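Below are the chains, spelled out letter by letter.
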Amino acid sequence: MSRIGKLPVALPAGVTVTFENGLLTVKGTKGTLTQQIVGDINVKVEGAEAIVEKTSEAVGTDAKHGLYRALLHNMVVGVTQGYTKTLKVNGVGWKVAKQGNKLVMNVGFSHPIEFVEPAGVTFACPTPNEITVSGIDKVLVGQTAADIRTIRIPEPYHGYGIAYSDEVIERKEGKTGGKGKK
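Residues numbered from 1 in each chain as written. Predicted model: local features only at pLDDT ≥ 70, side-chain atom pairs only at ≥ 80, totals over all residues. Heavy atoms only, no water.

Novice: Looking at this structure, how should I read the environment of Ile131?
Specialist: By the element assignment, Ile131 lies in strand 12 (residues 130-135). On the accessibility criterion, Ile131 (0% relative accessible area) is buried. Separated by 93 residues in sequence, Ile131 and Val38 have C-alpha atoms that sit 36 Å apart. (Helix = DSSP H or I, 4+ residues; strand = E, 2+ residues; numbered from the N terminus. Buried < 20%, exposed > 50% of the residue type's maximum accessible area, 1.4 Å probe, protein only.)

Take a look at the structure:
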């Protein structure tokens, strides 16, 4: 039995969970999220908590049991609190700004890079060297932040690049003066 799957998901006030024909829907104050559930999994709502149950002992059902419970928990947190990822931009003369629904980044290329907000995600630039990605879908927020980071992955010598705010960049020592050759 899945240790994660057997835990109930607490439903705060204002959150409704419905499960019909394999479609899980979670509604809350920030919006609505849906998830298709495949396999022998059932979701029941009892009072102020939702329970994910296995309906058979088929191969792979334990893994799906824990997966769908985790996804349900992420959906409940998303529609109540939302998710946020913060990125730091580090480079000489590098800056970012939001223009309309685009993120315009000057990050060392000969031209500015424009990144359009996907549906369900919002960008903010509190400072010229900081990007905040927020939304209710944890997967979409994380993937969007990862896509922005891949524009300029942090390099280990100077630390230039776009990094998560809590990311630790392993720094390397540069070349040392040559005393060995004559």
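Novice: Just checking my understanding: could you explain the sheet that holds strand 7 (residues 83-90) for this structure?
Specialist: In a beta sheet, neighbouring strands are held together by backbone hydrogen bonds and run either parallel or antiparallel to one another. Read across the sheet, four strands follow the order 11-12-7-13 without closing on themselves; strand pairing throughout is antiparallel. Two strands in the sheet have a free side with no partner beyond their single neighbour: strand 11 (121-124) and strand 13 (161-164). Each adjacent strand pair in this sheet contributes to an overall mean axis angle of 25°, direction not counted. In terms of strand pairing, strand 11 meets strand 12 through four bridges, oriented antiparallel. Within strand 12, the residue paired with Val121 across the bridge is Gly135. Lying on the sheet, helix 2 (residues 138-149) is in contact with strand 7, strand 11, strand 12 and strand 13; it crosses strand 7 at an angle near 5°. (Pairing = 2+ DSSP bridges. Axes fitted to C-alpha atoms, helices over the stretch in contact; angles between N-to-C directions. Contact = heavy atoms within 4.5 Å.)

Interpretation note: all reported values are geometric properties and have no functional meaning in isolation.
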